[in-house]
Amino acid sequence: MDLVFLYIFIISFIATLVRSTFGFGESLVAVPLLSIFIPIGAAVPLSVLISVLVALVVVIQDHSKIQLNSAKWLILFAIPGIPIGLLILIYGNELWVKTGLGALIILYSLYAMFGKNTFRLDTDSKLWLFICGFLSGVLGGAYGVNGPPLVIYGNMRKWTAKDFRATLQGYFLPASLIGVTGYIFKGLITAEVLKYFMVSLPAVFPAIFLGRYLNHKLNNASFFKYVYGGLLLIGIFLIVFCIFNIKT
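From a predicted model like this one, the values you see are computed outputs, not experimental measurements. (Residues numbered from 1 in each chain as written. Predicted model: local features only at pLDDT ≥ 70, side-chain atom pairs only at ≥ 80, totals over all residues. Heavy atoms only, no water.)

Caption draft 1: Structural view of the packing of aromatic side chains. Within this structure, the stated rule accounts for eight aromatic pairs. Between Y153 and W159, the aromatic rings sit 5.9 Å apart at their centres with planes inclined by 70°, giving edge-to-face as the arrangement. In terms of burial, Y153 and W159 fall into one category: buried. Cluster of aromatic residues (ring-pair linked, three or more members): W73, F77, F130 and F134. The residue whose ring lies beneath K126 is W73, and the NZ or CZ to ring-centre distance is 4.1 Å. (Phe/Tyr/Trp six-rings, centres within 6.5 Å; stacked < 30°, edge-to-face > 60°. Buried < 20%, exposed > 50% of the residue type's maximum accessible area, 1.4 Å probe, protein only. Lys NZ or Arg CZ within 6 Å of the ring centre and 35° of its normal.)

Caption draft 2: Expanded view of the nonpolar core. Core analysis: the biggest nonpolar cluster contains 33 residues, and I8, L34, I38, L46 and F197 have the highest contact counts within it. Elements with a contribution of two residues or more to this core: α1 (2-22), α2 (26-37), α3 (40-62), α9 (161-185) and α10 (191-217). Among the elements that line this core, the one with the most residues is α3, at 13 residues. Not counting residues up to four positions away in its chain, the partners in contact with F197 are L46, L49, I50 and L53. Core analysis: the next-biggest nonpolar cluster, separate from the first, contains 32 residues, L74, I105, L121 and I234 among them. (Core = buried A, V, L, I, M, F, W, Y, C linked by side-chain atoms within 4.5 Å. Helix = DSSP H or I, 4+ residues; strand = E, 2+ residues; numbered from the N terminus. Contact = heavy atoms within 4.5 Å.)

Caption draft 3: Structural detail: the environment of V151. Structurally, V151 is set in helix α8 (residues 147-156). Residues V151 and P174 lie 23 residues apart in sequence; the distance between their C-alpha atoms is 18 Å. With residues up to four places along the chain from it excluded, the contact list for V151 reads F24, F164, F224, V227, Y228 and L231.

Spelled out as structure tokens, the structure:
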């Protein structure tokens, strides 16, 4: 059991560092790695509890950097996409849907990293807020992968690294709180999950502040190249993890 606690501590630190530095991506790190050592029914609620804590601290730290109008509309437009994502999760063919999603993320990441994309939005666009927010809700409801559409919108708006990190937490805080509420009603926030959460706290807090430091050190011009590099890894991971699960 002590070894399990050590693994939870290490994984929580790494996942939180990724989230605090880039603004998203911790669930793609935390859930698969945590599920190796604890049941998936505990790993997912634990990841969401950590997500709420990270978002809350970042919002308190950098609330002045949040693009409030963008965050508000992204949240509102994500809501109708969530039930569609749940339908995909329940009725969709997991192999084809996840493989297609992974391929799409990989192709777009490569295009964004190496293509000559000069399109930008000087002000908020309701059309693009709807597209990105809605798709974020769909992907979040289906797989918990809210990040890619939000990254696309932030890149089009040419947010700085600080604005991007803060605004995404303004989105994730209410979204994660809704998730925690659902888990409470379903009885998934157990004493065991809370015990794991307490074990993670000594790792989460220093990772939040270290991530903030790294985020502020990143050059704005190269920030999205790192972000799209992370998305590229997420796309590859989705495909590999899905195929591995199907085979096993």
